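Residue-level structural notes
In case you want the letters, here they are:
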Amino acid sequence: MELIAEPVFVLHTRPWRETSLLVEVLSAGHGRLGVVARGVQGPKKQVLRAALQPLQHIRLEAQLRGELGRLTGAEALDAAPRLQGDAMLAAFYINELVLRLAPRQDPLPDLYLAYARVRARLAHDEPLAWSLRRFERDLLEAIGFGLVLDHDGDGAPVDPAARYRLDPEHGPRRLLSERSGERASAPSGRALLALASDAQPEAADLADLRRAMRQLLAHHLGARGLKSWDMLAALPRPSTPSATSEDAP
């Protein structure tokens, strides 16, 4: 199959053999794709290499045969966001999530649109924590693992004042006890309703949603976690709570 002028986002690029690159991209019509860009390490290929950087939106030309395709051309559609600090780590995180959870060559138009939205939010310096929670929600929905967040696993409306555990198979489960301190760190119904309605919650609710979504994602990722989580754990963080400390993945 030949792709002609296919809009895609670049997720990851790494060296492939001596002079080539293996490029992972996300398209609307074909989902996640891996293509080999041959002979792009020389000085005459600088423009092409620049178009193949992570976060870049490009128009792709490729021939797909089997697991990996062969890139025949790429043209930048815009300039990739220039990010620093927590925003750069957030971009690495969303790319890693897509690489780990999105299947190859499976059309995912909703994920493509969700990626475009979170990329724009990062570029425009919108609140990181909220941008990431929305993307996590949208990604899980796009790949078939989304949860109904305004009703619990038994179909009852979520109570804003209650606390819930996110069950990967059944959705929100109301917590009635204080066992092992689980209830104290679980998201409130108010937080779940905010995420369901796409209304930015309060800072404390965002922190609870971050923990709950990480547990949910860990279930789908399996035993091997994310490199971005390991990177975050290794970074020195502020000794006192702050908005910045909750912004990273």
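Thresholds, definitions, all that
Residues numbered from 1 in each chain as written. Predicted model: local features only at pLDDT ≥ 70, side-chain atom pairs only at ≥ 80, totals over all residues. Heavy atoms only, no water. UniProt positions renumbered as here; feature names shortened; annotations may be inferred. Helix = DSSP H or I, 4+ residues; strand = E, 2+ residues; numbered from the N terminus. Contact = heavy atoms within 4.5 Å. Pairing = 2+ DSSP bridges.

If you check an unreviewed UniProt entry, the protein chain appears there as DNA repair protein RecO from Pseudoxanthomonas winnipegensis. Note on the protein chain: under the UniProt heading Function (unreviewed entry), the record states "Involved in DNA repair and RecF pathway recombination." Regarding the protein chain, the UniProt comment filed under Sequence similarities (unreviewed entry) reads as follows: "Belongs to the RecO family."

A short note on the environment of Arg137
Mapped onto the secondary structure, Arg137 falls in helix 4 (residues 128-142). For Arg137 and Leu195, which are 58 residues apart along the polypeptide, the C-alpha to C-alpha distance reads 8.1 Å. Setting aside anything within four residues of it in sequence, one finds Arg137 in contact with Leu195, Asp198 and Met213.

Observations concerning the pairing of strand 6 (residues 164-167)
In terms of strand pairing, strand 6 meets strand 7 (residues 171-174) through four bridges, oriented antiparallel. By the bridge assignment, Arg165 is partnered in strand 7 with Arg173. Turn length for the strand 6-strand 7 hairpin, with the two strands adjacent in sequence and antiparallel, is three residues.

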